[in-house]
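Geometric and topological summary
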Amino acid sequence: MATVAFHTLGCKVNFYDTEAIWQLFKQEGYEQVDFESTADVYVINTCTVTNTGDKKSRQMIRRAVRRNPEAIVAVTGCYAQTSPAEILAIPGVDLVIGTQDRDKIMTLVKQIETERQPINAVRNIMKTRAFEELDVPDFADRTRAFLKIQEGCNNFCTFCIIPWSRGLMRSRDPQSVISQAKMLVESGFQEIVLTGIHTGGYGEDMEDYSLAKLLWDLDKVEGLKRIRISSIEASQITDEVLEVLQKSGKIARHLHIPLQAGSDEVLKRMRRKYTTAEFASKIEHIHRIMPGVAITTDVIVGFPGETEEMFREGYAFMERMGFSEMHVFPYSKRTGTPAARMEDQVDEEIKNARVHELIDLSERMQLAYAERFVGEVLEVIPERDYKGQPGSGLIMGYSDNYLQLVFEGSEEWIGRVCRVRVTEAGVNECRGTLVEVPSEAGVVTLPKRQAAQQAAKAIV
């Protein structure tokens with residue numbers, strides 16, 4: 001049996017795309033093996049969001065060629081899209097395919113098997129207007145299913161290369177999204193995470209359809225318990241989206257809304273499409289209609305021209321917003337973007353000091369958010385044994401408001417909704433005790449005495 005090995009760099013969308021490419025190999029009878037073992041075909045799904053992403057991608061390509069010089073080495077993803085010639089210049093690379101036409105990968109692999117001639121299958125992504133349909137009917141090692149609903153981005157922020165590697169905004173056909181959601185529910189998934197390059201922009205390229213309408217259509221999918229939006233821009237949270245957030249019982253109480261900077265001057269230099277006042281007004285509105293909502297964000301520190309005063313202003317703004325977690329990144333020059341050519345680049349040491357300050361702030365806000373839920377009962381879908389320790393009797397999973405909870409339970413409950421009381425708050429994980437056991441025929445409530453014993457044990 002022919003074997004294939006994958007290595008994925010970068011974001012969640014890349015991991016989704018790799019799963020989709022694996023489905024194509026699987027249909028042709030391939031067996032998947034570990035990337036570190038000898039395979040007939042190696043597929044490296046690359047990242048180009050930073051210069052380091054390019055470098056790591058090249059390292060993994062060379063590793064595959066060394067592992068089996070006779071293998072077919074196929075390179076896909078963002079770095080492949082932006083620099084195909086650079087990749088084909090690496091000895092041993094057979095196929096470069098970018099971020100489109102991946103549905104043709106099997107035909108191209110067969111062509112290479114017979115002709116043994118390298119192929120550059122990369123086309124101009126800016127001319128692509130259709131969403132590439134690649135289904136992922138199952139996720140072997142997850143209890144949350146990812147569902148890609150759009151591709152590309154029209155924003156052209158000054159720090160970002162992504163529109164050039166992924167192309168412009170294109171949305172997936174609504175019927176295709178709904179039918180894949182139903183397929184995932186039939187496979188046993190109770191939570192679906194909507195993902196994409198610019199997820200909240202879904203529907204902007206369509207007439208008479210929008211993200212809000214998609215959310216309502218998904219809300220009607222029977223058996224689907226939880227819908228999570230992987231990321232949404234403040235400017236995309238329309239009144240219609242706010243209405244779904246308020247009225248749907250399935251939308252998770254967790255939104256990831258990238259801020260990037262807490263200073264209007266820096267936001268302007270980044271070419272972001274909002275001011276801090278507009279951002280704050282959206283966040284405050286969401287808190288009003290979704291009590292207890294977790295709002296996480298992304299922040300870039302040390303953007304060119306960021307003064308100490310701008311950083312302090314941003315720090316105070318983030319503190320005021322009370323995020324439940326911040327993903328903090330030092331600004332990294334990306335060759336080919338306007339920001340890389342800007343003057344007033346910030347010194348690396350200053351950048352790192354600011355990153356640490358914001359990480360400390362994030363951890364304080366994370367703990368403060370978790371502490372609000374001590375004593376409350378939350379719905380948790382367990383994902384795995386605690387820290388992969390089989391036999392410890394502990395399992396872990398996320399609540400709808402994105403608290404990671406660790407509690408005593410059976411592996412049989414993985415992927416099923418449990419009701420768990422939060423007993424102890426932590427920065428990255430919280431402790432809890434089970435209140436209701438999931439069963440095939442609904443939910444069986446634990447006897448009160450047993451629940452009390454468990455609670456007492458947890459407090460001790």
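Residues numbered from 1 in each chain as written. Predicted model: local features only at pLDDT ≥ 70, side-chain atom pairs only at ≥ 80, totals over all residues. Heavy atoms only, no water.

Heads up, the rule is: UniProt positions are given in the numbering used here, feature names are shortened, and annotations may be inferred rather than shown by experiment.
The name given to the protein in an unreviewed UniProt entry is Threonylcarbamoyladenosine tRNA methylthiotransferase MtaB, and the organism recorded there is Paenibacillus mucilaginosus. You can read under Cofactor (unreviewed entry) in the UniProt record for the protein the words "[4Fe-4S] cluster". Quoted straight from UniProt, the Catalytic activity (unreviewed entry) entry for the protein says "N(6)-L-threonylcarbamoyladenosine(37) in tRNA + (sulfur carrier)-SH + AH2 + 2 S-adenosyl-L-methionine = 2-methylsulfanyl-N(6)-L-threonylcarbamoyladenosine(37) in tRNA + (sulfur carrier)-H + 5'-deoxyadenosine + L-methionine + A + S-adenosyl-L-homocysteine + 2 H(+)".

1. What to know about the domain arrangement of the protein
Just so we agree on the cut-off: Domain ranges listed in this record stem from an automatic or a database domain assignment. Contacts were defined at the residue level, with two residues in contact if any of their heavy atoms lie within 4.5 Å. What counts as buried area is the accessible surface, traced by a 1.4 Å probe, that two parts surrender upon association, with contributions from both included. What makes a salt bridge here is a side-chain nitrogen of Lys or Arg within 4 Å of a carboxyl oxygen of Asp or Glu, nothing more.
Each assigned domain of the protein is listed here: domain 1 (3-123), domain 2 (145-372) and domain 3 (376-436). Measuring from the centre of the C-alpha atoms in domain 1 to the corresponding centre in domain 2 gives 29 Å. At the junction of the two partners, domain 1 supplies 15 residues and domain 2 supplies 18 residues. When the buried area of domain 1 at its contact with domain 2 is split by residue, Val13, Tyr16 and Asn51 rank highest and sum to 41% of it. The interface formed by domain 1 and domain 2 holds four salt bridges in total.

2. A short note on the nonpolar core
This is how the line gets drawn: By nonpolar core is meant a set of buried Ala, Val, Leu, Ile, Met, Phe, Trp, Tyr and Cys residues that side-chain atoms within 4.5 Å join together. Think of it in three bands: residues with accessible area under 20% of the maximum for their type are buried, residues over 50% are exposed, and the middle band is partly exposed, with areas taken using a 1.4 Å probe on protein chains only. Secondary structure follows DSSP: runs of H or I at least 4 residues long count as helices, runs of E at least 2 residues long count as strands, and numbering of each begins at the N terminus.
Leu218, Ile257, Phe279, Ile286, Phe323, Met326 and Leu358 are the most contacted members of the largest nonpolar core, which totals 68 residues. At six residues, the largest contribution of residues to this core is made by helix H12 (residues 308-321). Ala20, Phe25, Leu95 and Ile97 belong to the second-largest nonpolar core, a separate cluster that totals 26 residues.

3. Some thoughts on the sheet that holds strand E3 (residues 41-46)
Definition in use: When DSSP finds at least two bridges between two strands, those strands are taken to pair. What counts as an axis is a line fitted to C-alpha atoms, over the stretch in contact for a helix, and the angles between N-to-C directions run from 0 to 180 degrees.
Pairing is parallel across the open sheet formed by six strands, whose spatial order is E2-E1-E3-E4-E5-E6. Both outer strands of the open sheet, strand E2 (31-32) and strand E6 (119-120), are each paired with one neighbouring strand and no more. Pairing of strand E5 (residues 95-98) with E6 involves two bridges; the strand directions are parallel. Residue pairing for E6: Leu95 is matched across the bridge by Ile119. Helix H1 (residues 12-27) contacts strand E1 (3-8), E2, E3 and strand E4 (72-77) of the sheet and is inclined by roughly 170° relative to E1. Across the sheet, helix H5 (residues 105-115) is in contact with E3, E4, E5 and E6; its angle to E5 comes to roughly 165°.

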